[in-house]
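The residues making up each chain are set out below.
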Amino acid sequence: MNSDFDIQMNRRRQALRGASCPLTDEQWARMTRRAAESSVMEPAPSVRPLWPRLRRYVPAAAASVALLVVGIGQLQASPRPASVAYGGQSVRFICNNHCDAQNAIAYLDNYIVKNSAT
């Protein structure tokens, strides 16, 4: 029993029997001789330079290091809580960026007084 593959192969054989090669026998012999005489070149080993691969990572690494250095510089130990007198009471207050705790409490007090009056 013929399979579909066998049928297709038989059709291809018949088509090839009637077809002719576009090359003359002399051209075909010359091409095959030249191919046999030429040395087979081995492909060069694929060694890519390191810089093109690293080029896309260097800016990201530099930015990370810069953020780390700037971040460590900004992360200073917070000052000890300052005791501030507010409304006759002693309030412990920590102020960022080395501001004056007494002035910060006074500003907030004025702000609350002004906004609660309206």
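Remember, it's a predicted structure, so these values are computed and weren't measured experimentally.

What counts, and at which threshold
- Residues numbered from 1 in each chain as written.
- Predicted model: local features only at pLDDT ≥ 70, side-chain atom pairs only at ≥ 80, totals over all residues.
- Heavy atoms only, no water.
- Helix = DSSP H or I, 4+ residues; strand = E, 2+ residues; numbered from the N terminus.
- Buried < 20%, exposed > 50% of the residue type's maximum accessible area, 1.4 Å probe, protein only.
- Salt bridge = Lys/Arg side-chain N within 4 Å of Asp/Glu carboxyl O.
- Patch = residues over 30% accessible without salt bridge, like charges linked within 9 Å, V, L, I, M, F, W, Y side chains within 5 Å.
- Areas by Shrake-Rupley, 256 points an atom, 1.4 Å probe, with all protein chains shown as cover.
- Lys, Arg positive; Asp, Glu negative; His and termini not counted.
- Charge placed at Lys NZ, Arg CZ, Asp CG, Glu CD.
- Pairing = 2+ DSSP bridges.
- Core = buried A, V, L, I, M, F, W, Y, C linked by side-chain atoms within 4.5 Å.
- Contact = heavy atoms within 4.5 Å.

**Digging into the overall build of the protein chain**
Across its full length, the protein chain holds five helices and two strands. Helices and strands in the protein chain line up, N terminus first, as α-α-α-α-β-β-α. For the protein chain, the proportion of its 118 residues judged to be buried stands at 5%.

**What to know about the pattern of salt bridges**
Opposite charge on two side chains permits them to pair, given that their charged atoms come into close proximity. Across all of its chains, the model carries one salt bridge by this definition. Where Arg 30 meets Glu 26, a salt bridge forms, and the shortest distance between an N and an O atom there is 3.9 Å. Taken together, the positions of Arg 30 and Glu 26, both in helix α2 (residues 25-37) and four residues apart, correspond to about one turn of that helix. A residue is classified by how much of its surface remains accessible, and Glu 26, at 59% relative accessible area, is exposed.

**Re the environment of Cys 95**
Inspection of the secondary structure puts Cys 95 in the loop between β2 (89-93) and α5 (101-117). C-alpha of Cys 95 to C-alpha of Pro 81: the two residues are 14 residues apart in sequence and 7.8 Å apart in space.

**Section: a positive patch on the surface**
Residues Arg 48, Arg 53, Arg 55 and Arg 56 make up a contiguous surface patch of positive charge. Here Arg 56 is to be found in the loop between α3 (50-54) and α4 (58-74).

**Remarks on the pairing of strand β1 (residues 82-86)**
Where β1 and β2 come together, five bridges link them in antiparallel fashion. Bridged to Tyr 86 within β2 is Gln 89. Linking two consecutive strands that pair antiparallel, namely β1 and β2, is a turn of two residues; a positive phi of about 60° is found at Gly 87 within it.

**Section: the nonpolar core**
Within the largest apolar cluster, six residues are counted, these being Val 84, Phe 93, Cys 95, Ala 101, Ala 104 and Ile 105. Apart from residues lying up to four places away in sequence, Ile 105 is in contact with Val 84, Tyr 86 and Phe 93.

**Concerning a nonpolar patch on the surface**
Taken together, Leu 50, Trp 51, Leu 54, Tyr 57 and Val 58 make up a surface patch of nonpolar side chains, about 530 Å² in accessible area. The biggest single contributor to the nonpolar patch is α3, with three residues. Its place among the elements puts Leu 54 in helix α3.

**So, the environment of Ala 104**
Summarising the element assignment, Ala 104 is placed in helix α5. Residue Ala 104 is classed as buried on the basis of its relative accessible area of 19%. For the pair Ala 104 and Val 84, spaced 20 residues apart in sequence, the C-alpha to C-alpha distance is 9.9 Å.

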